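An overview of the molecular structure
For reference, the chains in residue letters:
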Amino acid sequence: MPLSSKPLRKLGFLTIGLFDPANPAAGHESTLQVIELGEQLGFDSAWLRHRHLQFGISSPIAVMAAASQRTSRIELGTAVTPVGWENPLRLAEDLATVDLLAGGRINPGLSVGEPMHFDTVKHQLYPDSAEQEDFSYARVDRLARLIAGEPVREFSGKQGVVEEFSNRVEPHSAGLRQRLWYGAASAKSAIWAGENGFNLLSSSVIFPEADQVPEFASIQQAQIRAFREAAAQSTQTIGGDRVSQGLVVIPTDSATPKQREKYQRYVDERTPRTRTPQGPRRMLFARDLIGTSDQIAEQLHAHAGFQEVDEVAFALPFSFDHEDYVQILTDIATKLGPALGWAPAR
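Our subject in this report is the structure included herewith. (Residues numbered from 1 in each chain as written. Predicted model: local features only at pLDDT ≥ 70, side-chain atom pairs only at ≥ 80, totals over all residues. Heavy atoms only, no water.)

1. Brief notes about the environment of L110
Note that L110 resides in strand β4 (residues 106-111). Here the alpha-carbon distance between L110 and Y263, two residues 153 residues apart in the chain, equals 30 Å. (Helix = DSSP H or I, 4+ residues; strand = E, 2+ residues; numbered from the N terminus.)

This is the structure:
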């Protein structure tokens with residue numbers, strides 16, 4: 001097996017947290033149990049994928065708050081929160097509150113851009129300001145500055161007998177700004193993240209440059225290197241020195257024959273989209289990696305993107321059953337992680 005340039009230092013997982021619309025509580029409970037299992041297995045982090053107006057987690061911050069009270073060590077993150085859906089000031093308050101409840105374990109992953117299917121929701125989301133809303137990098141930069149504690153206003157101090165006001169977002173969670181991540185799929189976004197003191201989340205979806213051969217791993221490698229170069233040259237000293245890769249991996253070591261058949265069918269249905277660029281922006285999807293942990297480890301060691309990182313947040317497949325996630329996470333923690341040089345946290 002070819003050796004990676006460095007052993008895997010941090011191992012995490014990402015879940016979309018699906019639920020039955022007729023019984024949503026059960027799906028949320030399953031997600032919390034999966035996070036608890038992750039901590040028991042020694043995972044370093046658990047990440048929640050943000051989904052609005054879908055049958056997935058629409059409020060990862062609320063779920064992280066619940067998870068923070070059922071765990072004590074595992075880091076909790078979002079991958080990613082689309083800030084176009086959020087008021088940065090209110091989001092800053094919520095993130096700081098949950099980070100304090102979690103003892104400084106929150107890793108907010110962020111992205112910018114117009115909300116998905118914006119024309120269908122803008123009349124409810126921004127009924128009076130849809131045309132004026134700024135969905136550029138400036139929106140997430142504003143969030144980061146508020147989290148860092150920059151003044152919101154000049155007014156502060158005591159008013160009346162008991163009312164006391166602050167000129168910054170409260171509560172303030174020291175250290176949270178250093179744990180902000182940006183989900184970048186293009187070289188432009190990766191460079192911006194590096195220049196502005198964000199850590200980098202690189203996932204299973206990327207956008208190549210016009211002159212690049214559409215080969216996922218080499219393009220991901222180039223984006224990570226561009227991020228690191230930008231971060232090294234940046235005057236920001238508040239973070240931006242971590243990179244995490246998120247691919248879909250499905251180890252089958254302890255899977256039943258029925259599970260293996262189900263997993264292979266899932267991968268086969270998704271594989272055609274990975275063969276050619278998709279849409280006008282030539283979007284590239286990474287292949288799902290399925291097989292024994294040794295087989296997956298060999299593929300990862302040969303993956304140019306993986307060779308650039310020492311932490312990952314492997315994405316769990318969509319639409320699987322709770323017992324499937326238990327099997328997959330257990331195999332990742334007990335077999336795949338060690339094959340990549342990782343040791344479980346205790």
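2. Some remarks on the packing of helix α6 (residues 187-195) against helix α7 (residues 216-233)
The interhelical angle for the contact between α6 and α7, taken along N-to-C directions, is 30°, at an axis separation of 7 Å. In terms of axis orientation, α6 runs roughly parallel to α7. With respect to the hand of their crossing, α6 and α7 are arranged in right-handed fashion. Along the contact surface, α6 presents A187, A190, I191, A193, G194 and E195, while α7 presents Q223, A226, F227, A230 and A231. (Axes fitted to C-alpha atoms, helices over the stretch in contact; angles between N-to-C directions. Parallel < 35°, antiparallel > 145°, perpendicular 65-115°, else oblique. Left-handed = near helix turned anticlockwise from the far one by under 90°. Contact = heavy atoms within 4.5 Å.)

3. Describing the pairing of strand β14 (residues 311-315)
Buried residues dominate β14, accounting for five of its five residues. Side chains E311, A313 and A315 project from β14 onto one buried face, and the interleaved V312 and F314 project onto a second face that is buried too. Sheet topology places strand β1 (residues 10-15) next to β14; five bridges connect them, and they run parallel. By the bridge assignment for β14, F13 is matched with F314. (Buried < 20%, exposed > 50% of the residue type's maximum accessible area, 1.4 Å probe, protein only. Pairing = 2+ DSSP bridges.)

4. Some points on the packing of helix α1 (residues 24-41) against helix α2 (residues 60-68)
Taken N-terminus to C-terminus, the directions of α1 and α2 make an angle of 50°; their axes are 10 Å apart at the nearest point. By the angle between their axes, α1 is oblique relative to α2. Where α1 crosses over α2, the two elements pack in a sense that is right-handed. Side by side, α1 and α2 meet where H28, T31, L32 and I35 of the first sit next to V63, A66 and A67 of the second. Here the residues of the contact of α1 with α2 sort into five nonpolar, two polar and no charged. (Nonpolar A, V, L, I, M, F, W, Y, C, P; charged D, E, K, R; others polar.)

5. Points about the pairing of strand β8 (residues 199-202)
Side chains N199 and L201 project from β8 onto one buried face, and the interleaved L200 and S202 project onto a second face that is buried too. By the bridge criterion, three bridges tie strand β7 (residues 181-183) to β8 in an arrangement that is parallel. Across the sheet, residue Y182 finds its bridge partner in β8, namely L200. Read as a crossover between parallel neighbours, the route from β7 over α6 to β8 is right-handed. Bridging between β8 and strand β10 (residues 243-245) involves three bridges; their strand directions are parallel. What sits directly across from S202, in β10, is Q245. (Right-handed = clockwise from strand over helix to strand, strands pointing away.)

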